[in-house]
Amino acid sequence: MPEISWTQMRYLQQFFVQSIRDHPQDPVVISHGDSWFAYPIYANIIDQLDEIVQHRMSLLRLEISGDELLTILDPAGLATLKKLMTYHTPNVFLFSAGGNDIVGSELLTFLAPRTEPFDATAALATAALTQRFDDMKAAYQSLIAMRDEVAPACMIVTHGYARAIPTGIKASYLGFSAGPWLKPFLEARGYVDLIEQRAVVDALMQRFNDLLDSLAGPLFVKVDFRTVITDSDWSNEIHPTRNGFEKAAGVLHAELHRLLPTKFP
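Reference entry: report on the structure contained in this document. This one's a predicted model, so the numbers in the text were calculated from it and none came from an experiment. (Residues numbered from 1 in each chain as written. Predicted model: local features only at pLDDT ≥ 70, side-chain atom pairs only at ≥ 80, totals over all residues. Heavy atoms only, no water.)

**A short note on the sheet that holds strand S3 (residues 92-96)**
- The 5 strands are arranged S2-S1-S3-S4-S7 in an open sheet whose pairing can be described as parallel. At either margin of the open sheet sits one strand with a lone partner, and together these are strand S2 (58-61) and strand S7 (220-223). Mean inter-strand twist for the sheet, computed between neighbouring axes without regard to direction, equals 20°.
- The sheet contact formed by strand S1 (residues 28-33) and S3 spans 5 bridges and is parallel. Bridge pairing in S3 links Val29 to Val92.
- Against the sheet, helix H9 (residues 127-150) contacts S3, strand S4 (155-159) and S7, and its axis sits at roughly 155° relative to S4. (Pairing = 2+ DSSP bridges. Helix = DSSP H or I, 4+ residues; strand = E, 2+ residues; numbered from the N terminus. Axes fitted to C-alpha atoms, helices over the stretch in contact; angles between N-to-C directions. Contact = heavy atoms within 4.5 Å.)

Below, the structure written as structure tokens:
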């Protein structure tokens with residue numbers, strides 16, 4: 001997906017600023033991230049959340065399908081977010097990122113070859129994956145530090161994905177396809193049994209959730225989708241069905257209501 005151009009950004013901000021002026025009682029929200037917030041095939045989490053709140057939030061959407069955490073929060077990306085948070089003082093920054101940083105062809109580097117006996121923890125015991133998680137944690141810490149500097153009351157609300165299934169199924173839309181992101185790379189490293197594949201993916205998702213939990217605080221909140229998105233809620237390897245996204249949006253809304261009950265009734 002192409003990046004948002006300067007002209008498009010200006011266009012989006014015009015509606016955002018006008019909404020803030022017209023509806024000062026509504027929460028001011030900036031959302032950013034990957035396809036869980038920007039899935040083009042059917043209503044994603046932000047689409048569903050917007051419906052749940054009946055469009056009663058001033059929302060600036062920056063997410064792009066396929067975006068990576070380390071790209072979004074590189075120096076240029078962080079500088080853009082800093083300007084936006086400085087100018088608009090959001091109540092909430094909704095963030096969906098990190099999944100694309102740890103799946104795909106890079107699994108050929110991140111995963112150790114399978115050995116006997118099978119051990120999911122050993123599969124993830126590589127210097128490359130450790131470095132990737134260290135880099136992602138540093139990026140999140142930079143985001144938190146920037147938020148503390150320019151919008152200290154803004155809540156960062158993110159999530160840790162769910163128990164993805166390595167089926168080899170691609171995402172397809174209007175002749176475009178992407179993926180698969182898991183199964184072929186697991187098999188290339190020797191993990192050919194589905195039970196073992198799922199164990200490795202679960203361990204990988206657990207490690208990402210643990211990373212987010214290590215950063216948790218009153219103004220950095222992780223929403224856990226692992227219990228609400230079930231095996232029947234997957235459309236392809238890394239994207240839930242419309243119903244899965246709807247259930248995730250419900251959990252996200254419940255958390256926003258808990259955090260800001262007057263803004264998200």
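And the narrative resumes.
**Observations regarding the pattern of salt bridges**
- Enumeration over the complete set of coordinates arrives at 15 salt bridges.
- Between Arg132 and Glu106 there is a salt bridge, with the nearest N and O atoms lying 3.2 Å from each other. Taken together, the positions of Arg132 in helix H9 and Glu106 in the loop between helix H6 (99-102) and helix H7 (107-110) put the pair 26 residues apart, joining distant regions of the chain.
- By relative accessible area, Arg132 is classed as buried at 15%.
- The closest approach of N and O atoms between Arg198 and Asp231, which form a salt bridge, is 2.9 Å. Residue Arg198 is found in helix H11 (residues 194-214), and its partner Asp231 is found in the loop between S7 and helix H12 (242-259); the two are separated by 33 residues along the sequence.
- Because the salt bridges share partners, they merge into one network encompassing Asp213, Lys222, Asp224 and Arg226. (Salt bridge = Lys/Arg side-chain N within 4 Å of Asp/Glu carboxyl O. Buried < 20%, exposed > 50% of the residue type's maximum accessible area, 1.4 Å probe, protein only.)

**Details of the packing of aromatic side chains**
- Per the stated rule, a full pass over the model turns up 12 aromatic pairs.
- Relative to Tyr161, the ring of Trp36 lies with its centre 5.2 Å away and its plane at 85°, an arrangement referred to as edge-to-face. With Trp36 in helix H2 (residues 35-38) and Tyr161 in the loop between S4 and strand S5 (171-173), this residue pair connects regions lying 125 residues apart in the sequence.
- Residue class for Trp36 comes out buried when judged on its relative accessible area of 3%.
- Judged by centre distance (5.8 Å) and plane angle (75°), the ring pair of Phe95 and Tyr140 falls under edge-to-face. (Phe/Tyr/Trp six-rings, centres within 6.5 Å; stacked < 30°, edge-to-face > 60°.)

**Some words on the pairing of S1**
- Of all 6 residues that make up S1, 6 are buried, and the element is covered over most of its length.
- Side-chain alternation along S1 places Val28, Ile30 and His32 on one buried face and Val29, Ser31 and Gly33 on a second face that is also buried.
- As paired elements, S1 and S2 share 4 bridges and run parallel to each other. Note that in S2 the partner of Val29 across the bridge is Leu59.

**Some words on the pairing of S7**
- Burial along S7 is two-sided: Phe220 and Lys222 facing one way and Val221 and Val223 facing the other are all buried.
- Note: S4 against S7, 4 bridges, orientation parallel. From the neighbouring strand, Thr158 faces S7, where its bridge partner is Lys222.

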